[in-house]
Amino acid sequence: MSVSTVAADQTVCRDSSGALPVLGRDVTVPLVTGGEVTYAALDYAASAPALQRVWDDVAAYAPYYGSVHRGAGYLSQLSTDLFENARRTVEEFLDCRADDQVVFTRSTTDSLNLLAAALPADCHVFVFETEHHASLLPWRDARVTYLNAPRTPGEAVDTLERALAARDPYGPALVCVTGASNVTGELWPVRELAAAAHAHGARIVLDAAQLAPHHPVSVQDLDVDWVAFSGHKLYAPFGSGVLAGRADWLREAEPYLAGGGASRRVTRREDGGVDVEWHDSAARHEAGSPNVIGAYSIASACKALTEEGFDRIVAREQHLIRTVRAGLAEVPEVRVLSLFGDDAPRVGVISFVVEGWNSSHFAAALSAEYGIGVRDGLFCAHPLVRTLLGSAPEAQGECGAPEAAPGEKSLNAIRVSFGAGTPDEHVERFVRAVRELVRDGARWQYRTEGGRCVPAV
């Protein structure tokens, strides 16, 4: 058996609306008002359901599971080839440069913390307050300048240029920016920000967690130095991620984890200590037994999206975005959150608040009465959501755990998000549910339990 014959049959069976088959598409959930309904998973921005193809590929490989880089046996050799081929698939998916490295991690958060640990001494980091916490918080050992939320793409570029030009001393610098907001779904001017960074002698890392599942990401076309993303947002299972990009800072840094796999040679010294020679390759930051299934699942998702074609994916998603935005626009009590305005290009991520409703209460009613799963809270982007809501920086509120009870003022928002596996019926049901809840109110009583709004039993 070869790596190429491990994968399952790749027949794609879209539903009548063109959605790609994903796990959980036929799951039914109970309604508090009686009966059951097919679950509408509209929280893709948190975790997208795994593509059926990805799951089938993993299942086909599972009987041939073996230890990577560690064994002479056939299954170990097969697993090693599969793991390294997955790395090459990701390189192609991201259109990496010839000398870039692809490091497999646990998530976007893990990837950016790895890069933070590899920064050269005295590196100055620039990050907008609009970032997800995964890209806002890892830079604890660096000098960080937090930039205010821009209100246009051009303002974002101008703000960055002024900040970079004013930095002192003029040493190594890194810009961290999202490709698509996990709150508003708006696309950021990555190529222009990269040009501004490089013009001022800085490097740039792209948080592509929300971008890669929806749009093609080319390292070379965008001219970014690194890209980070997570498997669980790219229609793969939890527990895997990628950091891809320039090798020099990674090669010169101490290994992210010390242990087997990262070390090329370990010898005892006469004084009783040990000397270590670390790998220069991606293995330097992949100590321990790697998550082979995670890497393989990411590669399978990359292949599936590439073969489906992003032109088709983007066109269908834009149809879903228009459906949701048009439906919300018909409800005067709904305010959609945006930085760049209604005409800004975006992916399938939309956050909003409803006048007279606590956000947790509204999300609970969508789930309990309509079988619709959305997200409420601050979406691990507290500064951005508070800016959009106009609340004070010190206002209380936790990611996904609102304190306000039903009917009380909420410092949180509601987020609906979707993608390649979302049937038309799910977004149509969502729009109908919003209209009915605002017009008629909830049909059930709710209470606060453990910081969450839940149906009263």
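Our subject is the structure listed above.
Every chain's residues receive numbers from 1 upward, in the order its sequence appears when written. Since the coordinates come from a predicted model, pLDDT governs what is reported: local features require at least 70, and pairs of side-chain atoms require 80 or more to be given and counted, while whole-chain, interface and lining totals use all residues. Only hydrogens and water are set aside when side-chain values are computed; all heavy atoms of the structure are taken into account.

S.K.: Looking at this structure, I do not really get the side chain of S417. What am I missing?
M.R.: Relative to the assigned elements, S417 resides in strand β17 (residues 413–417). Look at S417 and you get buried, because its relative accessible area is 1%. In what follows, residue pairs with any heavy atoms lying within 4.5 Å of each other are defined as contacts. Apart from residues lying up to four places away in sequence, S417 is in contact with A41, L42, D43, Y44, A45, G348 and V349. Per the convention used, a helix needs a DSSP run of H or I reaching at least four residues, while a strand needs a run of E reaching at least two, with both numbered from the N terminus. Accessibility here uses a 1.4 Å probe with only protein chains present; expressed as a share of the type maximum, an area under 20% marks a residue as buried, one over 50% as exposed, and anything in between as partly exposed.

S.K.: Got a minute to help me understand the environment of L78 in this structure?
M.R.: With respect to the secondary-structure elements, L78 resides in helix α2 (residues 74–93). The class of L78 is buried, set by a relative accessible area of 5%. When the C-alpha atoms of L78 and G66 are compared, they prove to be 7.6 Å apart, with 12 residues separating the residues in sequence.

S.K.: Looking at this model, I keep getting lost on the pairing of strand β5 (residues 124–128). Mind explaining?
M.R.: Consecutive side chains along a regular strand alternate between the two faces of the sheet. Taking burial as the measure, the five residues of β5 include five buried ones, the bulk of the element. Because side chains alternate across β5, one face comprises the buried residues H124, F126 and F128, and the other comprises V125 and V127, equally buried. DSSP-based pairing: two strands are paired if at least 2 bridges between them are found. Bridge analysis of β5 against strand β7 (residues 173–178) gives four bridges, and the strand direction is parallel. For V127, the partnering residue across the bridge sits in β7 and is C176.

S.K.: Any chance you could explain the pairing of strand β4 (residues 101–105) here in plain terms?
M.R.: In terms of burial, β4 is largely enclosed, as five of its five residues are buried. In terms of strand pairing, β4 meets strand β10 (residues 241–245) through five bridges, oriented antiparallel. Considered in β10, the bridge of T105 is made with G241.

S.K.: So what exactly am I meant to see when it comes to the state of the cysteines here?
M.R.: Defined simply, a disulfide is a covalent bond joining two cysteines at their sulfur atoms. The disulfide criterion is simple: two cysteine sulfur atoms within 2.5 Å. For the coordinates displayed, the defined rule picks out zero disulfides. Free of any disulfide, C123 has its nearest cysteine sulfur in C176, 11 Å distant.

S.K.: Mind showing me how you'd approach the packing of aromatic side chains here?
M.R.: Aromatic ring pairs: the centre-centre distance and the angle between the two ring planes describe each pair. Pairing of aromatic rings covers Phe, Tyr and the six-membered ring of Trp, with a centre-to-centre limit of 6.5 Å; geometry is then stacked below 30 degrees between planes, edge-to-face above 60, and tilted otherwise. A complete count under the given rule lists 11 aromatic pairs for this structure. Each ring, one from F83 and one from F104, has its centre 5.4 Å from the other, and the planes form 50 degrees; the classification is tilted. Residue F83 is located in helix α2, and its partner F104 is located in strand β4; the two are separated by 21 residues in the primary sequence. Considering the side-chain rings of F352 and F430, the 6.0 Å spacing of their centres and the 65 degrees angle between planes classify their relative orientation as edge-to-face. Taken together, the residues span a long stretch of sequence, with F352 in strand β14 (residues 349–354) and F430 in helix α13 (residues 424–440) at a distance of 78 residues. Residue F352 is classed as buried on the basis of its relative accessible area, which comes to 0%. Here, over-ring charges are defined by two tests on the NZ atom of lysine or the CZ atom of arginine: distance to the ring centre within 6 Å, and angle to the ring normal within 35 degrees. The ring of Y170 carries the charged tip of R167 above its face, separated from the ring centre by 4.0 Å. Over the ring of Y370 we find R443, and its NZ or CZ is 5.3 Å from the ring centre.

Just distances and angles here, no functional claims.
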